[in-house]
Amino acid sequence: MFLNPEFIENPPAPLRVDLPTFQGPLDLLLYLIKKDEIDIYSIPIERITEGFLNHLALMQELNLEIAGEYIVMAATLLYLKSRSLLPKEQQAILEENEEEDPCWELIRQLLEYKKFKELSYKLGELRDKQSKVAWRGSDDRNLITKKVERLGDDAIFALFEAFQKILERFEKEEQRLIGDRFTVGEKIVWIRELLANGKRIAFSELFSDARDREELIVTFLAVLELVRLRQIQALQSTLFGEIELVGLSDGDEALPSGQ
C-alpha cells in the first residue's frame, strides 16, 4: 500500500465518526524503530519511510482525519530518502549548504521525545503504585494482569498493522459475496456484546466472518472507537504477538500502560 501523492496537497474530508486522537508522528517513528529493532542513531531512512507511509496510506484509505504533523513528517522523510539516494558528491554539497544535518535533527527530536515518554511512563507507574487501585471482580481478572500487558501508547499503531495484515489476507482469498451493510454503531453494539463482562477475543477473530472489504473497515473503525471510549482494551501476551481485546465494564480500571 502506497500513499497517494495528491493526499499530501489535498487530504480527503475525514470520516464523520468520533475516532481516537492518534499519537503523533514521533510516536509512530518510535514504534517502527522498536518493532524492527533499529538503532535510533543509524536509522535506515528508506525502510522507516516505507513503514511510515504504509500507516498513512491505511489512514487515508479509511478516510480518517490525520493531523498536519503527519503530513509534515511524511514530506521530511521523503526528502531525507531522496537525499540519501543522491551520489556522495551531491550529498556533500548539500551538507555544506545546510546549517544542520536534517537527519541528525530528526534523531535528536526522537531521542528527546523518547526521554519524555520514558519519564511519563515512570511517573505513571509511581502514580499507579500510590493509588493502590485493586481490580474489581473475580480472581480471573487478577490473573490477566500477570499474563498480558496493555499495548500502551503503541496500541493504535499495533492495531493498524494487524488490520493491514487482515486486509492483505482477505484480498488473497477467493472473492466473497457482497454482505449485509453495517454501520459503525451496529458493529460497536456487536463487539460490546462479544466482550461483555470482561470477556476476551483475538483481534483477528472479529473479522473471520466478514463478507466484504467494507465490513472489515466498519468493524475496525468500531474497534478504534471502543478503544477511544475505554470500553475495550488491547492486550498482548508477548511483544508484537497476537493482539487480544478485552471488554471493560463500568468501574473497571485499564491495565497499566506498557513501555
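Residues numbered from 1 in each chain as written. Predicted model: local features only at pLDDT ≥ 70, side-chain atom pairs only at ≥ 80, totals over all residues. Heavy atoms only, no water.

**Q** So, the nonpolar core: which residues are in play, and what are the values?
**A** Counting residues in each nonpolar core, the largest one holds 64 residues, and the members touching the most others are F52, F163 and F203. Leaving out residues up to four positions away in the same chain, F163 has contacts with L58, L62, F203, F207, L216, I217 and F220. (Core = buried A, V, L, I, M, F, W, Y, C linked by side-chain atoms within 4.5 Å. Buried < 20%, exposed > 50% of the residue type's maximum accessible area, 1.4 Å probe, protein only. Contact = heavy atoms within 4.5 Å.)

**Q** Can you lay out the confidence of the model for the protein for me, pointing to particular residues and giving the numbers?
**A** When the pLDDT values of the protein are averaged, the result is 77; 69% of them are 70 or greater. Model confidence for the protein, summarised as mean pLDDT per element, is weakest for helix α7 (residues 139-147) at 36 and strongest for helix α9 (residues 184-194) at 94. Low pLDDT, under 50, characterises residues 134-150; the stretch is placed with 37 contacts to residues that sit more than four places away or in other chains. Confidence over residues 255-259 falls short of pLDDT 50; this stretch has 20 contacts with residues more than four positions distant or in other chains. (pLDDT = per-residue confidence, 0-100. Helix = DSSP H or I, 4+ residues; strand = E, 2+ residues; numbered from the N terminus.)

**Q** How would you explain the packing of α9 against helix α10 (residues 213-228) if you had to name every residue and give the values?
**A** Close contact between α9 and α10 brings their axes to 8 Å; oriented N to C, the two are set at 65°. In this view, α9 runs roughly perpendicular relative to α10, as classed from their interaxial angle. Along this stretch, α9 crosses α10, giving a crossing that reads as right-handed. Residues V184, K187, I188, W190, I191 and R192 of α9 form the contact with α10, whose participating residues are E215, V218, T219, L221, A222, V223, E225 and L226. Among the residues forming the contact of α9 with α10, the class breakdown is 9 nonpolar, 1 polar and 4 charged. (Axes fitted to C-alpha atoms, helices over the stretch in contact; angles between N-to-C directions. Parallel < 35°, antiparallel > 145°, perpendicular 65-115°, else oblique. Left-handed = near helix turned anticlockwise from the far one by under 90°. Nonpolar A, V, L, I, M, F, W, Y, C, P; charged D, E, K, R; others polar.)

**Q** Can you break down unusual backbone geometry residue by residue, with the values?
**A** The bulk of non-glycine residues show a negative phi, and the bulk of peptide bonds are trans. A positive phi angle, near 50°, is found at E37, a position not held by glycine. Assignment of secondary structure puts E37 in the loop between α2 (25-35) and α3 (45-61). Residue class for E37 comes out exposed when judged on its relative accessible area of 73%.

**Q** I'd love a proper account of the packing of aromatic side chains, names of residues and values included.
**A** Using the criterion set out here, one finds 9 aromatic pairs in the structure. Measuring from ring centre to ring centre gives 4.2 Å for F163 and F220, while their planes differ by 0°; the resulting arrangement is stacked. Of this pair, F163 sits in helix α8 (residues 155-172) while F220 sits in helix α10, and the two are 57 residues apart along the sequence. Ring centres 6.3 Å apart and planes at 75° place the aromatic pair F203 and F220 in the edge-to-face group. Here F203, found in the loop between β2 (200-202) and α10, pairs with F220, found in helix α10; they are 17 residues apart in sequence, far enough to count as distant. Across the pair, F220 and F203 agree in class, each one buried. Ring pairing ties together the aromatic residues F160, F163, F203, F207 and F220, which thus form one cluster. The aromatic ring of F182 is capped on one face by K187, whose charged end is 4.3 Å from the ring centroid. (Phe/Tyr/Trp six-rings, centres within 6.5 Å; stacked < 30°, edge-to-face > 60°. Lys NZ or Arg CZ within 6 Å of the ring centre and 35° of its normal.)

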